[in-house]
Amino acid sequence: MNKSNISTVESIKHDLVRCGLVSGDIVMLHASVKAIGELVGGPDIVIKGIMDIIGSSGTLMMYVGWEDCPYHLKNWATAKQKAYLEALPPFDINIARAKRDHGILAEFLRTTPNTLRSQNPGASVCALGKHAKLITEHHPLNYGYGIDSPLHHLCQLNGKVLILGSPLAHITLYHYAENLCNTPNKRIVRWKCPIIQNNEKIWVEIEEFDTSKGIVDWEGDYFPLITGDYIESRKIIASKVGNADSFLFNAPDLNHFAVEWIEDKFSNLKKR
């Protein structure tokens, strides 16, 4: 095996420091383990490397969601919806699996000792470190990417967004910008979900801005466009963590840029 093609926990830490990560950082991670490359010790060394650098005063968080979240059922036939919902267990923060389409590392963080998890099924976030409780507790069921959400706390704490080879469409913070932006005719969705309350399964209706199709009609995915314009405007140069193109963004600045970008581009669009 060519040593230049492998990453150890020490080389990961070296790369993260070069990327700009420092002690005390509150950081939201988006990572592609495949993009980083061969990891000696497996995906856990990415989490360990980050935690070693940010230390006891820092916090690591990730969007985890819920793999079985029934958010998408409105597109199914009625009979299929009914059968699925009858068999669906309630959302349980202790055992509900992280969404797989955002990479495998979210599940690794979820199962790391001392990690806390927020109680919104679709917008669920895990956090590890000093501010984990503040970030994850009291997560609203309605508009779970908006005010008082983990994303809100990330910005209030002057946190950062760390991209390790992850698609630029996966920056969850942009959903916070979608909540805050003064844009007319934002698309709203409502869906039912089972949760545990007082040790019993109950059904709740959740309302939020559309995180699937977007808050307005737009040709394609606008998230990568926001990121591209932000990188260009701030003259940010990618770093390498392992083999992955990586970026470290200031969360409040990125969110402010995204709000202004959305308001500018979407101001004259009409609701479908």
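Residues numbered from 1 in each chain as written. Predicted model: local features only at pLDDT ≥ 70, side-chain atom pairs only at ≥ 80, totals over all residues. Heavy atoms only, no water.

Novice: For this particular structure, what's the right way to read the pattern of salt bridges?
Specialist: When charged atoms on two side chains of opposite charge get close, those side chains can pair. Tallied over the full model, the rule gives 15 salt bridges. For the salt bridge of E10 with K13, the shortest nitrogen-to-oxygen distance reads 3.5 Å. Residue E10 and its partner K13 are both found in helix α1 (residues 9-19); the two are separated by three residues, about one turn of the helix. The salt bridge partner of E67 is R100, with a shortest N-O separation of 3.0 Å. Note that E67 is positioned in the loop between β4 (59-63) and α4 (78-87) and R100 in the loop between α4 and α5 (105-110), a separation of 33 residues in sequence. Residue classification places E67 among the partly exposed positions, given a relative accessible area of 26%. Its relative accessible area of 65% is what places R100 among the exposed residues. Salt bridges linked by common partners bring E10, K13, K48 and D52 together as one network. (Salt bridge = Lys/Arg side-chain N within 4 Å of Asp/Glu carboxyl O. Helix = DSSP H or I, 4+ residues; strand = E, 2+ residues; numbered from the N terminus. Buried < 20%, exposed > 50% of the residue type's maximum accessible area, 1.4 Å probe, protein only.)

Novice: What should I look at first to understand the pairing of β4 in this one?
Specialist: When you tally the buried positions in β4, you get five out of five residues, the bulk of the element. By the alternation rule, side chains of β4 split into T59, M61 and Y63 and L60 and M62, which are all buried. In the sheet, strand β2 (residues 26-31) pairs with β4 via three bridges, with the strands oriented parallel. Counterpart to I26 in the pairing with β4 is T59. Bridge analysis of β4 against strand β6 (residues 125-129) gives five bridges, and the strand direction is antiparallel. If you follow T59 over to β6, its bridge partner there is G129. (Pairing = 2+ DSSP bridges.)

Novice: Whenever I open this one, the packing of aromatic side chains confuses me. Can you help?
Specialist: Two descriptors summarise a pair of aromatic rings, namely the distance from one centre to the other and the angle between the planes of the rings. Under the counting rule described, the total for this entry stands at 14 aromatic pairs. Relative to W191, the ring of Y71 lies with its centre 5.6 Å away and its plane at 75°, an arrangement referred to as edge-to-face. Here Y71, found in the loop between β4 and α4, pairs with W191, found in strand β8 (residues 188-197); they are 120 residues apart in sequence, far enough to count as distant. Accessibility assignment for this pair places Y71 and W191 in one class, buried. Relative to F249, the ring of F247 has its centre 5.6 Å away and its plane inclined at 25°; by these criteria the two rings are stacked. No difference in accessibility class separates F247 from F249, as the two residues are buried. Taken together, Y174, W218, Y222, F223, W261 and F266 form an aromatic cluster joined through their ring pairs. (Phe/Tyr/Trp six-rings, centres within 6.5 Å; stacked < 30°, edge-to-face > 60°.)

Novice: How should I be thinking about the state of the cysteines in this particular structure?
Specialist: The term disulfide refers to a covalent linkage connecting the sulfur atoms of a pair of cysteines. Within the structure shown, the criterion is met by zero disulfides. This cysteine, C19, is not joined by any disulfide, and C155 carries the nearest cysteine sulfur, 18 Å off. C69 takes part in no disulfide bond, and the closest cysteine sulfur to it belongs to C193, at a distance of 5.2 Å. (Disulfide = S-S within 2.5 Å.)

Novice: I tried to follow the environment of G146 on my own but got confused; where do I start?
Specialist: Summarising the element assignment, G146 is placed in the loop between α6 (132-136) and α7 (150-156). G146 gets classed as buried once you look at its relative accessible area, which sits at 2%. For the pair G146 and L180, spaced 34 residues apart in sequence, the C-alpha to C-alpha distance is 7.1 Å. Apart from the residues within four sequence positions on either side, G146 is in contact with H152, Y176 and N179. (Contact = heavy atoms within 4.5 Å.)

Novice: Honestly, the packing of α1 against helix α3 (residues 44-54) in this entry has me stumped. Any pointers?
Specialist: Each packed pair of helices is defined by two parameters, the angle between the axes and the distance between the axes. With their axes 9 Å apart at the nearest point, α1 and α3 run at an angle of 55° to one another. Considering the angle they form, α1 stands oblique to α3. Pair α1 / α3 crosses with right-handed handedness. Facing α1, whose interface residues are V9, I12, K13, L16 and V17, α3 presents I45, V46, K48, G49, I50, D52 and I53. Taken together, the residues of the contact of α1 with α3 break down into eight nonpolar, one polar and three charged. (Axes fitted to C-alpha atoms, helices over the stretch in contact; angles between N-to-C directions. Parallel < 35°, antiparallel > 145°, perpendicular 65-115°, else oblique. Left-handed = near helix turned anticlockwise from the far one by under 90°. Nonpolar A, V, L, I, M, F, W, Y, C, P; charged D, E, K, R; others polar.)

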